[in-house]
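Summary of structural features
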Amino acid sequence: MKSENFLKENNARSLWHPMAHPADSIANPPEIIMKAEGVKITDINGHQTVDAVGGLWNVNLGYSCQPVKQAISEQLNKLPYYSIFRGTTNDVIIELSEMLRDFFEPDGLSRAFYTSGGSDSIEIALRLARQYHKIRGEAGRVKYLSLKKGYHGTHTGGASVNGNANFRTQYEPLMPGCYHIPAPYTYRNPFNETDPQKLAQACLSAMEDEIKFQGAETIAAMVMEPILGAGGVIPPHETFMPGVRALCDKYGILLIADEVITAFGRTGSWSGSRHWGVKPDFMCTAKAITNGYFPFGAVLISDQIAEIFEGDKTGKAAIGSGYTYSGHPVGAAAAIACLKETVSLKVNDNASARGEQLFAGINALKTKHGIIGNIRGGHGLMCALELVSDKTSKTPIDKATINNIQKTAYESGAMVRVSGNNIILSPPLIINEDETDIIISALDTGFGSI
Ligand SMILES: Cc1ncc(COP(=O)(O)O)c(C=O)c1O
């Protein structure tokens, strides 16, 4: 292993970090994380903190999940790779597909298409949605609707339906035919509406208005996160997603649920769609499907979509999409072990209980620290604190202040994530009560330090 000096001297020198300015990474070198155990990570200086980021919303079972590690290592020895492109498959991907079919049966999803991660899953769902309409003879349905503030990865298709300028502007022109609906975000919205239910209705009206304006016969799909995550943890009113489903049904539009962070228990329910009582046409998953230990994803497909593809006699349903790593046997073995562990530990129940504790904790912080303009959460282990320099004007806090809060929180025992003027919390779902308290008290110290 290279010396500590070597690592510190070369930190960020010869690589560009995702979602960071290269010059900023050099000026403010990132923490070098060396090891992890349970829900805690340890940096190069031996400093240990609770990982309130959960890797990147993916290490739901923590860092010491032996069954997943063992499954990966055994599979590497048995069959480290083989393609599942037409003509070949492998034993573990067949087994995983049957398990996912059972797990997502209540969501009405019975087929899987495998990917290497969340952005890939989105891309596949967008493509299959257009293809579905073409098979059915509605080739004009090519447009997409999505929510402002939504995050759907960084491929060009995903960025085109993405609802945050930070991920779009420098990469324009993006894909034509993508239209954005206001998000059900009570703290800031174009309707000046603070009542969640009324806002949900206003956003649904805006969606219907856009459908009529575009012409329903031109729209392939609506893509949305059941609870917006990276955009700042925005849980909609319970009527919102069912309302989107109803509009999609009314106008023949497919519903793609982006569950890259919400599938497998994060909201307290096994999927975000189930949380709201909605059955999507496609569900995009990745991240926690392998506990983050192996890059892997799956798009789950409804019976009704499957029927159209499988019943096609014209050849149009041949799938011209796929990744070298689709159905990777090591990923599949990891996912099988991960799903067994996820279900047997009932991590969704812990996500609910600890989520309540975390949300109550940040509620208390809001009454104490004037910089906290808005807090969001209350649905499992995903919370955000939105920081402002002035509560009336809601002016977002400057970058230096939020970075200092994050730094102090880190020094005080919790790694939290900064996204714009939000602090986002998404710890592993196996976190216990004491570890949850550490996050709250580290944040308290962070806010107290400014
Ligand atoms: C909702 C959502 N969709 C898609 C993605 C993209 O996933 P990946 O980073 O694995 O490509 C993410 C990543 O955070 C996400 O949160």
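Residues numbered from 1 in each chain as written. Predicted model: local features only at pLDDT ≥ 70, side-chain atom pairs only at ≥ 80, totals over all residues. Heavy atoms only, no water.

For the rest of this paragraph, the subject is the site of the ligand. Close to the ligand lie Gly117, Gly118, Ser119, Tyr151, His152, Gly153, Glu225, Asp258, Val260, Ile261 and Lys287. One nitrogen or oxygen atom from the main chain of Gly118 is found 2.8 Å from an oxygen atom belonging to the ligand. One of the side-chain N or O atoms of Ser119 is found 2.6 Å from an oxygen atom in the ligand. Isolated, the ligand exposes 390 Å² of accessible area, and the fraction of that covered by the protein chains is 82%. Split into classes, the residues belonging to the shell around the ligand amount to three nonpolar, five polar and three charged. (Near = heavy atom within 4 Å. Polar contact = N/O pair within 3.5 Å; in protein donor to acceptor, adjacent residues only side chain to side chain. Areas by Shrake-Rupley, 256 points an atom, 1.4 Å probe, with all protein chains shown as cover. Nonpolar A, V, L, I, M, F, W, Y, C, P; charged D, E, K, R; others polar.)

Time to look at the packing of helix H4 (residues 66–78) against helix H12 (residues 329–345). At their nearest, the axes of H4 and H12 sit 8 Å apart, and the two run at 155° to each other. Considering their axes alone, H4 and H12 lie roughly antiparallel with respect to each other. With respect to the hand of their crossing, H4 and H12 are arranged in right-handed fashion. Within the contact between the two elements, H4 uses Pro67, Val68, Ala71, Ile72, Gln75 and Leu76 and H12 uses Pro329, Val330, Ala333, Ala334, Ala337, Cys338 and Glu341. Of the residues belonging to the contact of H4 with H12, the class tally is eleven nonpolar, one polar and one charged. (Axes fitted to C-alpha atoms, helices over the stretch in contact; angles between N-to-C directions. Helix = DSSP H or I, 4+ residues; strand = E, 2+ residues; numbered from the N terminus. Parallel < 35°, antiparallel > 145°, perpendicular 65-115°, else oblique. Left-handed = near helix turned anticlockwise from the far one by under 90°. Contact = heavy atoms within 4.5 Å.)

The next subject is the nonpolar core. In this structure, Leu100, Leu385, Leu387, Ile423, Leu425, Leu443 and Phe447 are the most contacted members of the largest nonpolar core, which totals 63 residues. The element that contributes the greatest number of residues to this core is H12, accounting for nine residues. Ignoring sequence-local partners within four residues, the contact set of Ile423 consists of Cys383, Ala384, Leu385, Leu387, Ile402, Ile405, Val416, Arg417, Leu443 and Phe447. In this structure, Tyr185, Val233, Phe240 and Tyr251 belong to the second largest nonpolar core, which totals 38 residues. (Core = buried A, V, L, I, M, F, W, Y, C linked by side-chain atoms within 4.5 Å. Buried < 20%, exposed > 50% of the residue type's maximum accessible area, 1.4 Å probe, protein only.)

Right, let's get into a negative patch on the surface. On the surface, a cluster of negative charge is made up of Glu98, Asp102, Glu105, Asp303 and Glu307. Looking at the negative patch, the elements with two or more residues in it are helix H5 (91–103) and helix H11 (303–310). (Patch = residues over 30% accessible without salt bridge, like charges linked within 9 Å, V, L, I, M, F, W, Y side chains within 5 Å. Salt bridge = Lys/Arg side-chain N within 4 Å of Asp/Glu carboxyl O. Lys, Arg positive; Asp, Glu negative; His and termini not counted. Charge placed at Lys NZ, Arg CZ, Asp CG, Glu CD.)

The buried fraction of strand S5 (residues 143–147) amounts to five of the five residues, a majority that puts the element mostly inside the structure. Where burial is concerned, the two faces of S5 agree: the one with Lys143, Leu145 and Leu147 and the one with Tyr144 and Ser146 are both buried. In terms of strand pairing, S5 meets strand S7 (residues 219–224) through four bridges, oriented parallel. Across the sheet, residue Leu145 finds its bridge partner in S7, namely Met222. With four bridges connecting them, S5 and strand S6 (residues 178–181) associate as parallel partners. Directly across from Tyr144, in S6, lies its bridge partner Cys178. In terms of handedness, the path from S5 via helix H7 (residues 156–161) over to S6 forms a crossover that is right-handed. (Pairing = 2+ DSSP bridges. Right-handed = clockwise from strand over helix to strand, strands pointing away.)

Looking now at the sheet that holds strand S4 (residues 109–115). Taken in spatial order, the seven strands of this open sheet run S4-S10-S9-S8-S7-S5-S6, and their pairing is mixed. Of all the strands in the sheet, the pair left with one neighbour each is S4 and S6. Strand-to-strand twist of the sheet, defined as the mean angle between neighbouring strand axes without regard to direction, takes the value 20°. Bridging between strand S9 (residues 282–285) and strand S10 (residues 297–302) involves four bridges; their strand directions are antiparallel. Bridge pairing links Cys284 to Val299 in S10. Docked against the sheet, H5 engages S4 and S10, running at close to 135° with respect to S4. Contacts from H11 reach S4, strand S8 (254–258), S9 and S10 within the one sheet, and its direction differs from that of S10 by about 85°.

Another aspect to go through is the side chain of Arg245. Residue position: Arg245 is located in helix H9 (residues 240–251). Once residues lying within four places of it in the same chain are set aside, the contact partners of Arg245 are Ile253, Leu255, Val278, Lys279, Pro280 and Asp281.

Taken together, Tyr81, Tyr82 and Tyr325 make up a surface patch of nonpolar side chains, about 320 Å² in accessible area. Tracing the chain through its elements places Tyr81 in the loop between H4 and H5.

Let's shift gears to unusual backbone geometry. The omega angle of the peptide bond from Glu172 to Pro173 is 5°, so this bond is cis rather than trans. One can find Pro173 in the loop between H7 and S6. Despite not being glycine, Lys346 has its phi angle at roughly 50°, a positive value. In this fold, Lys346 is placed in the loop between H12 and helix H13 (347–368). Positioned with a positive phi, Lys394 is a non-glycine residue whose angle comes to about 55°. Within the fold, Lys394 resides in the loop between strand S12 (383–390) and strand S13 (395–396).

Our focus in this paragraph is the sheet that holds strand S1 (residues 33–37). One open sheet holds the four strands; their spatial order is S1-S2-S3-S14, and the pairing between them is mixed. Across the chains shown, the open sheet's two edge strands, defined by having one partner strand only, are S1 and strand S14 (414–415). Direction of pairing for strand S3 (residues 48–51) relative to S14: parallel, over a ladder of two bridges. Among the inter-strand pairings, Asp51 is bridged to a residue of S14, identified as Met415.

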